[in-house]
Amino acid sequence: MRWSGQAIDDEQRSQALLGMKGLVRSVRTPEFQGVTFHEVTAKSALNRVPASSSMPFQWSVNPYRGCSHACVYCFARSTHTYLDLDAGADFDQQVIVKVNVAEVLRAELAKRSWSRELVALGTNTDPYQRAEGRYGLMPGIISALADSGTPISILTKGTLLRRDLPLLTTAAQRVPVDLSMSIAVFDDDLQKAIEPGTPTTAARLATVRAAADAGFRVTVFLMPIMPWLTDSDAQLDEALAQIAAAGAERVVFGALHLRPGAKEWFLQWIEREHPELATGYQRFYGRESYAPASYRKNLSQRVRPLLQRHGLDIHEDEDQPEQRRAAAGRAARAGRVRPAPAALDLVPQPSLF
């Protein structure tokens, strides 16, 4: 369902996405102050994940580009620059909506060449961001995947997932369905500051409980764990206690990554909101996208016993520099890509947040 009577004028449209192929119209609404939605007709829906990726899937679908969640650390920010938009405010405020994505996806899945491999949703921007309540793209996507016999994986911060639990329950009778909720911050004030457009932590935990009660084995992504902000033993223990109480069975955890685009935006936020941490973050991330190996090792050593204490299955973040180098090497040996450079930070990758 599209919004009616809210199309912006031609001058505003040209300022927003001049020349973008498939642009139908650009929309603003009082419900989303400062956000413009650019409705486009997409020619394709399935995205092949690069062979050099360390991600555990080969296909994804992203019904939206840009995200009103406005998470300061979001890994996907740099993808907006491909549209000649910036990775900062534009990523939060200029959202691309593929209004025909379900129809295009169904046609692609009907091809004889489709091998019914797992398709991941939520790998770049959140499919259950607030606009999904208006556009309703996910039910068509879920139905298309289930009807074609294609396994489904969904990662979200959006509590709108609860709307589709009956549909997902039906889909799970036909294909494997994996549901994951991303919950990084368990302090309400910090959550509002660093993820201003997301549902509350309590609402996301309630969604985990609803999915678990519906029979799903829910994973929670405790990511990113942010140095000096969310990484104390007490903070981690409390977070995992709440996750376990909500009925999750598995936790994926990992330290903050800051690749180009996200890095500049996040470090500006640190300078403004937590200047006392600016020196430490520059030391960790000024020249790198990943936290130092020593920090990541120490974090793992602290988190693993806590996971065991709370009866949660353990899985570390697979998007680490060591895994990325290994994946790129395997792809290169298979002749699918050229050998990756020593610094992998600029290699495009699907992003989980």
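Our structure is the block above this text.
For the structure given in this document, a descriptive report is provided here. (Residues numbered from 1 in each chain as written. Predicted model: local features only at pLDDT ≥ 70, side-chain atom pairs only at ≥ 80, totals over all residues. Heavy atoms only, no water.)

Considering the overall build of the protein chain
Worth spelling out the cut-off: A run of H or I in DSSP becomes a helix once it reaches four residues, and a run of E becomes a strand once it reaches two; helices and strands are each numbered from the N terminus. Type-normalised accessible area, obtained with a 1.4 Å probe on protein chains alone, sets the label of each residue: buried when under 20%, exposed when over 50%, and partly exposed for intermediate values. What makes two residues a contact is simply this: any of their non-hydrogen atoms within 4.5 Å. What sets the accessible areas is the Shrake-Rupley method with a 1.4 Å probe; for residues, cover comes only from the shown protein chains.
For the protein chain, the helix and strand inventory stands at 13 helices and twelve strands. Across the 353 residues that make up the protein chain, the buried fraction comes to 55%. For the protein chain, restricting intrachain contacts to residue pairs at least 6 apart in sequence, the fraction spanning at least 24 positions comes to 75%. Accessible surface, the protein chain as shown: approximately 15,400 Å² in total, 50% of it carbon and sulfur.

Considering the packing of aromatic side chains
Short version of the rule: When two rings of Phe, Tyr or Trp (its six-membered ring) have centres within 6.5 Å they constitute a pair, described as stacked for plane angles under 30 degrees, edge-to-face for angles over 60, and tilted for the intermediate range. Comment: the charge-over-ring label is applied if NZ (Lys) or CZ (Arg) is within 6 Å of the ring centre and within 35 degrees of the ring normal.
Evaluated as defined, the whole model comprises ten aromatic pairs. An angle of 55° between the planes, with centres 6.3 Å apart, marks the rings of F37 and Y135 as tilted. Here Y135 lies in helix α4 (residues 132–135) and F37 lies in strand β2 (residues 36–40), a separation of 98 residues in the sequence. By the burial criterion, F37 is buried, and Y135 matches it. Here F266 and W269 contribute two aromatic rings whose centre-to-centre distance is 5.9 Å and whose plane-to-plane angle is 40°, an arrangement assigned as tilted. One end of the pair is F266 and the other is W269, both in helix α10 (residues 262–273) and three residues apart, which spans about a single turn. When sorted by exposure, F266 lands in the same class as W269, which is buried. One aromatic cluster in this structure is built from W228, F266, W269, Y281, F284, Y285 and Y295. One residue, R130, lies across the ring of F32, its end atom 4.0 Å from the ring centre. R259 extends its terminal NZ or CZ atom over the ring of F75, reaching a point 6.0 Å from the ring centre.

Comments concerning the environment of K43
With respect to the element layout, K43 can be found in the loop between β2 and β3 (46–48). What makes K43 exposed here is its relative accessible area of 84%. Once the C-alpha coordinates of K43 and G22 are considered, the two residues, 21 residues apart in sequence, prove to be 8.3 Å apart. Beyond its immediate chain neighbours, meaning those up to four positions away, K43 contacts V104 and E108.

Quick word on the packing of α10 against helix α11 (residues 278–285)
For any two helices packed against each other, one specifies the crossing angle of their axes together with the interaxial distance. Just so we agree on the cut-off: For helices, the fitted axis covers only the stretch in contact; all axes are lines through C-alpha atoms, and the angles between them, taken along N-to-C directions, range from 0 to 180 degrees. Note on terminology: angles under 35 degrees are roughly parallel, angles over 145 are roughly antiparallel, angles of 65 to 115 are roughly perpendicular, and the others are oblique. Definitions for this section: a left-handed crossing has its near helix turned counterclockwise from the far helix by less than a right angle. A right-handed crossing has that turn clockwise. Residue classes follow a fixed rule: Ala, Val, Leu, Ile, Met, Phe, Trp, Tyr, Cys and Pro count as nonpolar, while Asp, Glu, Lys and Arg count as charged, and any other residue, Gly among them, counts as polar.
Running from N to C, α10 and α11 point in directions that differ by 160°, and their axes come no closer than 9 Å. For the element pair α10 / α11, the angle class is roughly antiparallel. Like other packed secondary-structure pairs, α10 and α11 cross with a definite hand, here right-handed. Facing K263, F266, L267, I270 and E271 of α10, the residues of α11 in contact are A278, Y281, Q282 and Y285. The residue makeup of the contact of α10 with α11, split by class, is six nonpolar, one polar and two charged.

Let's talk about the pairing of β2
Here is the key point about a regular strand: its side chains alternate between the two faces of the sheet. Which entries qualify depends on this criterion: Between any two strands, at least two bridges found by DSSP are needed for them to pair.
In terms of burial, β2 is a largely internal element, five of the five residues being buried. Bridge count between strand β1 (residues 23–27) and β2: four bridges; the pairing is antiparallel. Of the residues in β2, the one forming a bridge with V27 is F37.

Some thoughts on the sheet that holds strand β7 (residues 119–121)
Reading across from one edge, β3-β4-β7-β8-β9-β10-β11-β12 is the order of the eight strands in this open sheet, with mixed pairing throughout. Each edge of the sheet is formed by a strand with only one pairing partner; in this case those strands are β3 and β12 (313–316). Put simply, the sheet's adjacent strands are angled 25° from each other on average, direction ignored. Contacting β4 (59–61), β7 and β8 (152–156), helix α5 (residues 138–147) crosses the sheet at an angle of about 155° to β8.

Describing the nonpolar core
Here is the rule: By nonpolar core we mean a set of buried residues, namely Ala, Val, Leu, Ile, Met, Phe, Trp, Tyr and Cys, connected to one another through side-chain atoms within 4.5 Å.
F266 and Y281 are the most contacted members of the largest nonpolar core, which has 91 residues in total. With six residues, the top contributor of residues to this core is α5. Contact partners of Y281, with chain neighbours within four places excluded, come to M226, P227, W228, L229, L256, F266, L267, I270 and G286.

Some words on helix α8 (residues 201–213)
Quick note on the threshold: One less than the number of residues in a helix, times 1.5 Å, gives the span that helix is expected to have.
End to end, α8 covers 18 Å across 13 residues, agreeing with the expected 18 Å (1.5 Å per residue, within 8%). Within the sequence span of α8, burial applies to T201, R204, L205, T207, V208, A210, A211 and A212. As for α8, its buried residues are in contact with α6 (165–171), β9 (177–182), α7 (188–194), β10 (219–225) and α9 (233–245). Following α8 by one or two positions, G215 has its phi on the positive side, about 105°.

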